[in-house]
Amino acid sequence: MASGSRWRRLGTFRARGVHGGVALAEGIDRMVTGIESPVTSERGLAARLRYLTASDAGYEAMDRAGVHVRPRTLIAWPAEEQTPSKANLARLDAAYWDLRRRNVVADLKRRLDNRGRGTRIEIDPADQSRVDRRHQRDLETRSVNVRGAVWDRAVDAWIAEDMGELEAVWDDIIQSTLGTDWDAYTYVSSIGWSA
């Protein structure tokens, strides 16, 4: 891929990848842990209901997810007096993960900033295996350290589901750390870190 601007049109030569902003969101998603039992199990449903009904924020999450039932229904579900519909099970699961994500924002920022030292990320370039050899560029996995306010911006954009801002954050990361070759890493196979 001879020209740097061609990386902005990823499929032109059949390279494959995702925008680095998408990869950032996926990486942050992987940091969020929670209840492992499925919502369809008695244990999984009960745990989600306990978490959601323990605070006003949980009720707000259920409202955002479209769980609109009477208070006695919320009591009847874990007591197995009533069974939620498949649609309500999916909504309860969505509400649980929405609340879980919101509750860990501060922790994510702290972990990623790592007391001002930042977090080292590994960037795997776009997959060029389907690109004709004459159009391929010699790219390697890169490792860079990302610090401070960049992580705050990334986590804030992630929780707001603002892909435009995540893409802008990614562009800032690669422009400030990768030098003149930054455009070749606009799209990536993956990025990863340990925090």
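The structure under discussion appears in the preceding block.
Everything numeric here is computed off the predicted structure, so don't read it as measured data.

Looking at this structure, how should I read the pattern of salt bridges?
All told, the structure shown has nine salt bridges when counted by the stated rule. For Arg 64, the salt bridge is made with Asp 98, and the minimal N-O distance between the two is 2.7 Å. You can see Arg 64 sitting in helix α3 (residues 56-65) and its partner Asp 98 sitting in helix α5 (residues 86-103), a full 34 residues away along the chain. What makes Arg 64 partly exposed here is its relative accessible area of 45%. Since its relative accessible area comes to 19%, Asp 98 is described here as buried.

Even after reading the chapter, I still don't get the pairing of strand β2 (residues 119-125), so can you show me in this structure?
Along any regular strand, the residues point their side chains to alternate faces of the sheet. Of the two faces of β2, the one lined by Thr 119, Ile 121, Ile 123 and Pro 125 is fully buried and the one lined by Arg 120, Glu 122 and Asp 124 carries no buried residue. Taken together, the five bridges between β2 and strand β3 (residues 142-146) define a ladder with antiparallel strand orientation. Counted as the bridge partner of Ile 123 is Arg 142 from β3.

Help me understand the sheet that holds β2, please; the structure alone is not making it clear to me.
Hydrogen bonds along the backbone pair up the strands of a sheet, which may run parallel or antiparallel. Spatially, β1-β4-β2-β3 is the arrangement adopted by the four strands of the open sheet, whose pairing is antiparallel. Each edge of the sheet is formed by a strand with only one pairing partner; in this case those strands are β1 (18-19) and β3. Where β1 and strand β4 (residues 187-193) come together, two bridges link them in antiparallel fashion. The residue bridging Val 18 from the neighbouring strand is Val 188, located in β4.

I keep staring at unusual backbone geometry and nothing clicks. Help me out?
Backbone geometry at Glu 80 places phi at a positive 60°, although glycine is not the residue there. The residue Glu 80 is located in the loop between α4 (71-76) and α5 in this model. For Glu 80, a relative accessible area of 53% translates into the label exposed. The phi angle at Arg 115 is positive, at roughly 55°, despite the residue not being glycine. Secondary-structure assignment places Arg 115 in the loop between α6 (105-113) and β2.

Cut-off values and rules
- Residues numbered from 1 in each chain as written.
- Predicted model: local features only at pLDDT ≥ 70, side-chain atom pairs only at ≥ 80, totals over all residues.
- Heavy atoms only, no water.
- Salt bridge = Lys/Arg side-chain N within 4 Å of Asp/Glu carboxyl O.
- Helix = DSSP H or I, 4+ residues; strand = E, 2+ residues; numbered from the N terminus.
- Buried < 20%, exposed > 50% of the residue type's maximum accessible area, 1.4 Å probe, protein only.
- Pairing = 2+ DSSP bridges.

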